[in-house]
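Next come the chains, spelled out residue by residue.
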Amino acid sequence: MDLIGYGAFFLTTALIFSLVTLGLNLQWGLTGLFNVGLAGFVAIGAYTSALLTTPDDAARLGGFGLPILVGWAGAMVVGGIAAALTGMATLRLRSDYLAITTFGVAVVVQLVALNAQKLTGGPFGIGFIPRPFGSLAETPLLFNLSNLAVVGAVTLIAYLALEHLSRSPWGRVLKALREDERAAISLGKSARFYRVQAFAVGGAIMALAGALQAHFTGFIAPDNYLPILTFQVWVMLIVGGSGSNLGAVIGSILVWGIWAGSGTLTSVLFAPEQQARAASLQIVAIGVMLCVILLIRPNGLFGDRPRRPRFGKREKAAAIKSSSGS
């Protein structure tokens, strides 16, 4: 029973990462926007939902005690607006310049969360965040299974919605902008308008993931949104396959499994006084896995394979005929 409960806890955490990866896949895999500031949008969603749903606290602002669903909706709205504003200010930049700018946005969000103690609780974070099925907390198995069902349903809805969007005319415009911006613009499409939309929708999904994580754990702090989060999610997308929503989900589960497994292994193999240093082996394990997968499948597990021209009998006959004729 304990193993089932841990499995449910593991899958819930992995699916929350899957939501973040799905948002990144919309921005990078579908549109080609190099966002390395996703930890900031996850933090915005977590803090927004926490401030809306926690009970009143004299030590800080917020604490409106609203329902959890209102907190999740508010997180998506605020995260989407923040992403749209960031997009309008930065999407004229390209590649590495856009990456540096979005990374700066994430650092600013993390520093505000760390220092705005009257709003975010500062380094002490925000506690007493209401948890779905909190009454089942004394029964870990039922609590973890219930949360898995909720997070799984939200992830499934987001996955199906993104699959529909990627096949819609809107999604085809985003792919066109990614592949050949000048050709898309020549057809009357506004590159900046569509990119801001994609950036905003991706940011809203990341913020929703942050809100889910906040309510699942019941506590958030600025240390939860360090750059290592961005590294993890990018590895998940690369392993699963950029441009594939299914790859984003499977890659998240696989990478999180290796991350959690390597952490458990280091705690068993190393003495307590050495575990702080041994924790860096988690990054080493992820790096080795990433290198192996990219060597075997350069486009990820579910990424698009490059099409090779078929050269069958008819093509061979035509080639021989043309060479003999010349």
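Residues numbered from 1 in each chain as written. Predicted model: local features only at pLDDT ≥ 70, side-chain atom pairs only at ≥ 80, totals over all residues. Heavy atoms only, no water.

(A) Inspection of the packing of helix α11 (residues 245-269) against helix α13 (residues 281-296) at higher detail. Between α11 and α13, whose axes approach to 9 Å, the crossing angle comes to 140°. Comparing the axis directions of α11 and α13 gives the class oblique. As α11 packs across α13, the resulting crossing turns out to be right-handed. Contact residues: L254, V255, I258, W259, S262, G263 and T266 in α11; L281, Q282, I283, A285, I286, M289 and I293 in α13. (Axes fitted to C-alpha atoms, helices over the stretch in contact; angles between N-to-C directions. Helix = DSSP H or I, 4+ residues; strand = E, 2+ residues; numbered from the N terminus. Parallel < 35°, antiparallel > 145°, perpendicular 65-115°, else oblique. Left-handed = near helix turned anticlockwise from the far one by under 90°. Contact = heavy atoms within 4.5 Å.)

(B) Inspection of empty space enclosed by the protein at higher detail. Counted according to the given criterion, the structure contains one cavity of 30 Å³ or more. Roughly 40 Å³ of internal volume is contained in the largest cavity. What lines the largest cavity is simply W72, P132, N147, V150, V151, L212, H215 and F216. For the lining of the largest cavity, the secondary structure elements donating two or more residues are α6 (140-167) and α9 (191-217). A class-by-class count of the residues in the lining of the largest cavity yields six nonpolar, two polar and no charged. (1 Å grid on protein atoms, 1.4 Å probe; cavity = no way out; pocket = protein on both sides within 12 Å on 5 of 7 lines; lining within 4 Å. Points joined across faces, edges and corners; volume = space filled by probe spheres on them. Nonpolar A, V, L, I, M, F, W, Y, C, P; charged D, E, K, R; others polar.)

(C) Summary view of the layout of surface pockets. Approximately 330 Å³ is the volume found for the largest pocket. If you trace the largest pocket, you find 16 residues lining it, with T13, F17, Q213, N224 and L229 closest to the centre. Elements that contribute at least two residues to the lining of the largest pocket include exactly α1 (2-30), α9, α10 (227-240) and α11. Looking at the lining of the largest pocket, the element that brings in the most residues is α1, giving five residues.

(D) Highlighting the pattern of salt bridges. Throughout the structure, instances matching the rule amount to four salt bridges. Residue E163 pairs with R167 through a salt bridge whose shortest N-O separation is 2.9 Å. Here the residue E163 and the residue R167 both occupy positions in helix α6, the gap between them amounting to four residues, near one helical turn. Classification of E163 by relative accessible area gives buried; the value is 16%. Look at R167 and you get exposed, because its relative accessible area is 57%. Of the charged contacts in the structure, one is a salt bridge between R195 and E181, with a shortest N-O distance of 3.2 Å. With R195 in helix α9 and E181 in helix α8 (residues 181-186), this pair connects stretches of sequence that are 14 residues apart. A residue is classified by how much of its surface remains accessible, and R195, at 7% relative accessible area, is buried. The class for E181 is partly exposed, based on a relative accessible area of 24%. (Salt bridge = Lys/Arg side-chain N within 4 Å of Asp/Glu carboxyl O. Buried < 20%, exposed > 50% of the residue type's maximum accessible area, 1.4 Å probe, protein only.)

(E) Geometry of unusual backbone geometry. Unlike most non-glycine residues, F128 shows phi in positive territory, near 55°. Its identity as a non-glycine residue notwithstanding, F133 has a phi of 60°, on the positive side. Looking at where F133 falls in the secondary structure, it is placed in the loop between α5 (117-120) and α6. Under the relative-accessibility criterion, F133 is labelled partly exposed at 39%.

(F) Quick peek at the packing of aromatic side chains. Using the criterion set out here, one finds eight aromatic pairs in the structure. Chaining the aromatic ring pairs together yields one cluster made of W28, F34 and W234. (Phe/Tyr/Trp six-rings, centres within 6.5 Å; stacked < 30°, edge-to-face > 60°.)

(G) Spatial organisation of a nonpolar patch on the surface. Together, L281, V284, V288, V292, L295 and I296 give the surface a local cluster of nonpolar side chains, amounting to about 590 Å² of exposed area. Since its relative accessible area comes to 49%, V288 is described here as partly exposed. (Patch = residues over 30% accessible without salt bridge, like charges linked within 9 Å, V, L, I, M, F, W, Y side chains within 5 Å. Areas by Shrake-Rupley, 256 points an atom, 1.4 Å probe, with all protein chains shown as cover.)

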